[in-house]
Number of protein chains: 2
Amino acid sequence: MRILGVDPGLATVGLGLVERESARSVRAIEWLTIETDAGMAPAERLRIIADDLEEYIKETSPDLAVVEKLFFSVNVKTALDVAQARGVILSVIARHGIPCLEPTPPELKSCITGDGNADKAQIQRMLMGMFNLKEPPSPDDAADALALAAFGAFQGRVTLLA
Amino acid sequence: MRILGVDPGLATVGLGLVERESARSVRAIEWLTIETDAGMAPAERLRIIADDLEEYIKETSPDLAVVEKLFFSVNVKTALDVAQARGVILSVIARHGIPCLEPTPPELKSCITGDGNADKAQIQRMLMGMFNLKEPPSPDDAADALALAAFGAFQGRVTLLA
């Protein structure tokens, strides 16, 4: 079972892909980003996100997607930009008929570290242990996406055993 | 020249289509809505918006699109939902290579009525006069989309004469 985590953004979309081979074996396949140029029109940047994500989904055929829920942000302009990108991402995932989990940031942190208020460094350490990585996954958006994919792998277990 | 106005929303997307035959002749072709069911998952609702808009664009081949810019809303949840739908709409428009104008609500109101603080009734009256309508266009989201399309027709004139 292959799980795709997506960390939404307008400038950078994080993608993390894991393979869940058994209840005890979850393997990180890759983590990467889709980047869009701040000099382009927003609509064009959203189109690039749609097209690149579409292509990535076709290449990797994930069975489950995980996209973080948006929390209220102090910066409204940024929140709206992220929401626009997130809408594009959700619609592309739904178009491919892929079920999608939408954890809140505390749900994600709690699942990965056991602490809903965990900081970035704690999550990085857990990911390194979980996936036997020699270095912390980077950049940040790709690491966040990998954490989301890991969340999906653990949630998936519950569903699959039920 | 055919101009498509789109009023973004998650439950209802307004669509308004006008034909600009000359600098003095702008005709309303139709105004309608895409509706999505509140009982469905958000990702599925966004997919429906993407697919229905895609189909409508293929059927009508607009030369220009106009999508209202988002303003900060008191209701953050609603603003994020609208932003997600708006992102989907912008990406579909960009995928078809259609240029897109993004007026703010005051810019739209000012263009249609001459008053950036115009209320709904004033805009309705101007649309009725502009397009020789016997009744105010409805529902509201479709009327807003028709106003956006009219905005595009007037802006287009400036560009075309330049």
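Preceding this paragraph is the structure being described.
Residues numbered from 1 in each chain as written. Chains lettered and ligands numbered in written order. Predicted model: local features only at pLDDT ≥ 70, side-chain atom pairs only at ≥ 80, totals over all residues. Heavy atoms only, no water.

Q: Please provide a residue-by-residue account of the pairing of strand β3 (residues 25–35) of chain A, values included.
A: Residue and element names in this part refer to chain A. The pairing of strand β2 (residues 12–22) with β3 spans 10 bridges and is classified as antiparallel. Each residue of the ladder has a partner; that of Gly-14, found in β3, is Thr-33. From the end of β2 to the start of β3, which pair antiparallel, there are 2 residues. (Pairing = 2+ DSSP bridges. Helix = DSSP H or I, 4+ residues; strand = E, 2+ residues; numbered from the N terminus.)

Q: So what's going on with the layout of surface pockets? Which residues, and what values?
A: Residues and elements named next belong to chain B. Here the largest pocket is characterised by a volume of approximately 560 Å³. If you trace the largest pocket, you find 28 residues lining it, with Asp-7, Glu-68, Lys-69, Pro-105 and Asp-144 closest to the centre. Where the lining of the largest pocket is concerned, the elements lending two or more residues are α2 (76–95), α3 (105–113), α4 (120–131) and α5 (140–161). At 6 residues, the largest contribution of residues to the lining of the largest pocket is made by α5. Classifying every residue of the lining of the largest pocket by side-chain character gives 14 nonpolar, 5 polar and 9 charged. The computed volume of the second largest pocket comes to approximately 460 Å³. (1 Å grid on protein atoms, 1.4 Å probe; cavity = no way out; pocket = protein on both sides within 12 Å on 5 of 7 lines; lining within 4 Å. Points joined across faces, edges and corners; volume = space filled by probe spheres on them. Nonpolar A, V, L, I, M, F, W, Y, C, P; charged D, E, K, R; others polar.)

Q: Could you give an account of empty space enclosed by the protein, with specific residues and numbers?
A: Inspection of the entire model under this criterion finds 2 cavities of 30 Å³ or more. Considering only enclosed or pocket space, the largest cavity measures out at about 70 Å³ in volume. Contributing to the lining of the largest cavity are Ala-50, Glu-54, Ser-91, Val-92 and Arg-95 of chain A together with Ala-50, Val-88, Ser-91, Val-92 and Arg-95 of chain B. For the lining of the largest cavity, the secondary-structure elements that each account for two or more residues are α1 (42–60) and α2 (76–95) of chain A together with α2 of chain B. Among the elements that take part in the lining of the largest cavity, α2 of chain B stands out by supplying 4 residues, more than any other. Of the residues that constitute the lining of the largest cavity, the class distribution is 5 nonpolar, 2 polar and 3 charged.

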